[in-house]
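# Coordinate inspection notes
In case you want the letters, here they are:
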Amino acid sequence: MPGKGTNRSKLAELLVAYNFKVVCSACSVKENEITYSLKAVEHQCSRELLLAKGKGTCKWRPVSCRPKFTNPSQYNVCWYFVEGSGCSKHRNRCTFARSLEEATMWNFLKHQKMDHSTLIRLITQSESIAVQQQNPAEKILTEFSGEFQELCQDCFCGTPTKITGKRWNNTCSADTAHVWSPVLVHHLAENQGKEVYNQIRPLPSVFPFQYSNYFMQGMPCWHGPSQWQLLHSKVELAVWRAEARGEWSRQELLQLSQERQWQRQQSAQDVVPAPKLQAAIYCKACFIALSSQESFFKHCASLGHSQMISGDTTTEWKHRPPPHSHKAEFWFCDRPDTCEYGTNCVKAHSVEELEEWLMRAEEDKVMRRNIKAQGLMSYREHLLEEYRQSSNEVQIISEQVDDVSVTFDGNLCVECVETDAELKWNFQIKTERLLAHVALLKQEPGASFSLDENSPEPCTYSTGEQLCNSDMTYDITVSFKSNNPGLYEQWLVFDFDMRPVLLQKLKVKVRQQPSPNLLEEPPEDFGRPSQNLEHWHRGNRVIVPCMDKTEVQEELLKEYKPPQISLQYKSLDDSNTAMNHQNYKKKMHSFLYTEEQAEDQIVSRLNVRGTITLSVTLDDPQFGMKMAPLGELFCAVSVPYTLTPDSPEGWVLRRSVQSALIAPVSSDNKSHKVYEAIILRDATSENKMHLQLSKRCCSDLKLQSNETYEMEVQFHLNRLKFCEMHKAIDFLPDTERVLPDFRNCIVPVNEIEFPKVNAKQHAAIDFIVGDSDGRSVAPLLIYGPFGTGKTFTLATAAKELVRQPHTRVLICTLTNSSADLYIKDHFHPYVNSGHPEMKPLRIKANKQGVLVSSTDEITQKYCLLSKDGQFFLPPTKSALDHHRIVITTTAMARHFNDLKLSDGYFTHILIDEASQMLECEALMPLGLAGPVTRVVLAGDHMQMGPKLFSTDDDQHSNHSLLNRLFHFYQGCESSTALKSRIFFHENYRNTKEIVEFVSTHFYVGKSDAIKAVGNVPAHPNSHTLRFHHVRGESHLDSASMSWFNLDEVECVVEIVQNLLRDWPIAWGNHDQSSICVLSERCQVSMIRKELQKRFLGRVTVENISNVQGIYHENNSKIWSGIYSNRAL
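Residues numbered from 1 in each chain as written. Predicted model: local features only at pLDDT ≥ 70, side-chain atom pairs only at ≥ 80, totals over all residues. Heavy atoms only, no water.

## Some points on the nonpolar core
- By size, the foremost hydrophobic cluster in this structure holds 86 residues, and its most contacted members are Ile-662, Leu-691, Leu-693, Leu-703, Phe-715, Phe-896 and Phe-906.
- Examining the composition of this core, we find that seven residues originate from one element, helix α14 (residues 584-604), more than from any other.
- Sequence-distant contacts of Leu-691, defined by excluding residues within four places in its chain, comprise Leu-633, Phe-634, Cys-635, Val-637, Ala-660, Ala-677, Ile-678, Ile-679, Val-713 and Phe-715.
- With 33 residues, the next largest nonpolar core counts Phe-767, Leu-780, Ala-798 and Val-809 among its residues. (Core = buried A, V, L, I, M, F, W, Y, C linked by side-chain atoms within 4.5 Å. Buried < 20%, exposed > 50% of the residue type's maximum accessible area, 1.4 Å probe, protein only. Helix = DSSP H or I, 4+ residues; strand = E, 2+ residues; numbered from the N terminus. Contact = heavy atoms within 4.5 Å.)

## A look at the pattern of salt bridges
- If you walk through the whole model with that rule in mind, you get 36 salt bridges.
- The partner of Glu-649 in a salt bridge is Arg-605, and the shortest N-O contact between them spans 2.7 Å. One end of the pair, Glu-649, is in helix α15 (residues 648-656); the other, Arg-605, is in the loop between α14 and β27 (608-615), and 44 residues separate them in sequence. Here Glu-649 matches Arg-605 in class, with each residue buried.
- A network of salt bridges, in which partner residues are shared, links Glu-1050, Glu-1090, Lys-1093 and Arg-1094. (Salt bridge = Lys/Arg side-chain N within 4 Å of Asp/Glu carboxyl O.)

## Quick look at the sheet that holds strand β10 (residues 182-189)
- Overall, antiparallel pairing links the three strands, which are arranged β8-β10-β11 in an open sheet. Looking along the sheet, the strands with just one partner apiece sit at the ends: β8 (147-152) and β11 (195-200). Sheet twist, expressed as the average angle between the axes of neighbouring strands with direction ignored, equals 40°.
- In this fold helix α7 (residues 234-244) packs onto β8, β10 and β11, with an angle of close to 30° to the strand it touches most, β11. (Pairing = 2+ DSSP bridges. Axes fitted to C-alpha atoms, helices over the stretch in contact; angles between N-to-C directions.)

## A word on the side chain of Thr-35
- Take Thr-35: it is sitting in strand β3 (residues 35-38).
- Here Thr-35 falls in the buried class, since its relative accessible area comes to 3%.
- A distance of 2.8 Å separates the side chain of Thr-35 from the side chain of Arg-61, its partner in a polar contact.
- For Thr-35, the residues in contact, after removing those within four places along its chain, are Val-29, Lys-30, Lys-59, Trp-60, Arg-61, Pro-62 and Glu-83. (Polar contact = N/O pair within 3.5 Å; in protein donor to acceptor, adjacent residues only side chain to side chain.)

## Focus on the packing of aromatic side chains
- Considering all chains together, one arrives at 21 aromatic pairs under this definition.
- Aromatic pair Tyr-18 and Phe-20: ring centres 6.4 Å apart, planes at 40°, arrangement tilted.
- Overall, Phe-20 belongs to the buried group, its relative accessible area being 6%.
- It is Lys-799 that lies over the ring of Tyr-830; its NZ or CZ is 4.7 Å from the centre.
- Its end group placed over the ring of Tyr-862, Lys-839 keeps NZ or CZ at 5.9 Å from the ring centre. (Phe/Tyr/Trp six-rings, centres within 6.5 Å; stacked < 30°, edge-to-face > 60°. Lys NZ or Arg CZ within 6 Å of the ring centre and 35° of its normal.)

Interpretation in functional terms is not warranted from these geometric data alone.
Pasting the structure below:
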């Protein structure tokens, strides 16, 4: 009778409730992964598998080795385990028991501190089976199922892992047949076709042995065999321990394993010879061996593989999943306990959560890098990764590849009416190159593209070998099936084992009503026809740059690729779909891509092909003499359109084009290289531009001075402004500010009285400074004509906010002149009157060719300047911390994102000139808003809106955030929505005659739409409104490409002199600065110069584009409108 408390006595207690059998594959039959049956057969049992069966049950359950990398207080059966399917959550990494019998035995082993081999020995002894003394090799084979093999080391440690054996001639069985170099591997065949291969590496010199962290977490180690010191498996530990004791040799283990394997085959019912080891490709993430390269690539493209490599499924994380994987953009929420966004907040709600996010992002980054290094990425992901990281995409994916001809039947752009449409395209490729891969790159929900129409699941990858015909042509069929209406696009690529791969684009519009010509390109504007030249971009040409870009700019251009080569852009997205929280960002991105295409089309009208003459000097009376830098050359380019700002071509050229692309006109230019050339702004005339060719261009093309060449020149859109707006869209933390839910919003309450404001202004200030009790507040819309006090109201509210504790105000405008006006007219006088706490910070950008001295002296006092005062400094966190009011433009506000300001750093964001800016521009400061940040948008909907080329003129204003929200508020049947928009209509700055004229002719056609309440006195001896017709000749200034009229300049000066001579007493003291002259570009400088000659330099002269709305408190305004005779 066994003694009480011994292992045998404890086992005796288990034998009361369970039956046990120690078997092998010869005397047992595996029905599924957790069900076995016994088979009577005469054999020498290797006793490698333990089975358990509860008393009164009929199913034998296998008991595997207890996991060593988790040590719970008690083992339980996995909740997600389904017999026949395995664990649906952790898959092959599951560390829970598969059956009650296995959980019971694991708990027994844990509490008794017993290993698996000891348990098998005790059970064998309890069955009175004599167990012969085993040597170390026999013990290992008894404890571990499977077999030991010698495989090719180079293949097994390669990328990806290959399973290859040895040929008769001492070479590897792989196709390369390299010299045989063996490695010992333990192979275990598991359920559902899983194959586990563990390399048994040489014994290390470091003791004691330690497991790899990856193995401890139940994950495959991505470091490969180079990490000799760390254990990668339990079987490797057993082999190392035996070797460390010097009891045996590996050859003995290998020979004994082969003998037992042969015995199993001999004792099986169907005796078959051992199969010859075939070369296979092994996925170490999914534990699957694939027989061919094609099957391996298809496996890597499968959903199951994607899930296995997508992240760690074994670690039980304590906090929410991170919102993204960009470590630099993880922030801490300032109000985690009261955050309005709750679990939807994109910021961490505790230090522990932030640390976990950083850890998970780093693990994800390491895993992605190692998966790539191990060759386990799908072909699609591998190619797209190359494409995303490239700044010259044509070198990765191109629509033209040399020596490859592609033909196809039908149209690649198709429209169909049936919702369940089924389409097919047949492609044929003729080339001497070997087609290696064919793939579909886009994933389009709502429809499926497939390379195999008979496959139950969409096939997105195929090798080229199976598509090859006997005549060395390739036939590829792409099928399409739709489930829902919509626009579906697909990129089909052909890879010839070289870069670039060949691209064919497919497009299908599925709609319930036919729309003729929908997929045709939009027609060009009426006018001169542009030349039929292929448009160059990074998707079809290698662009050799000459203009330097910062690292940040390069990353932006990579992240937001041109619409022609962007995988995210759909050129004909359904614009009729209502904007909502789910599609807002997508619609904003789509609009920017569409506008970029429209501007690009206008710029392309200037593209020319012809003869150019090169020179090292330029000599012209208009701009003097220029000498090209060493190795560079100049050339003149005549264009078919006028380049003045009053033409679309001239406007886009001046605002959005800095360089051109140039290449020789030659059929043998197989490199597809084009060279960037700088446009000389000050050497541009009405129909001619001068380019400066880089040293690289001149050297590569062997260009010489005073020689003529046939060249093609295409003008290159500067995309950075679009990329910055795309970034602003993605940086928006949520869409509550742009699509407020008035069911959750309230109107702030304020009881403070403000003198010197009217009722509408008071309501706006109450809304801005009032208390909301921590609840959501929709953006306040202030709209109204010029002179109604919008800027005054915002400035007054900002002053009041600074009197409140814990507030910080950001004021943004579209133009610098408007931002400077806040300083000069509103804050500087107030600060000087004894309120230093109100001192604002003015953030300005350095502009090429614009000196700091062009900013007035008062504004400079509030700016961040360098020590020598020669340039403006970028914003810093320290500078912002020392000011309660910050004033800047929306374009500069985006740089605040780089400072990692805390959530809700600005309690109030006030955006002026909101009707003149694109919605995407307004998003730049809105990206800084926290959950309770108060937002105000102010503007005049009848002033000049944003300049657009993708929409009709009457639709431009609909693309400003102020106007869109105005219509959105109108459509909401809510008193909160009604009180969240305020219309200013009382004008304080102009005479009654001017106000009534503007109200009648420019607003709603009623003379009382705007009320003149300022009692501004008119000139007693002159009409309030006077129109002067000047017969003079307009001239074009080549430097600014704008018109000037000297006769009109003289007339303006004469009017100013007459006003000062006949100055009314009601206007007060003579003050030149109270006279404002408005004009355009060159005419502005001409008027300033002429006034200065007459000692009238204090008269205000401004560009009309910088002074929208006659907001200056001037007694007199003079507008000089300059047009060329051709424009009239």
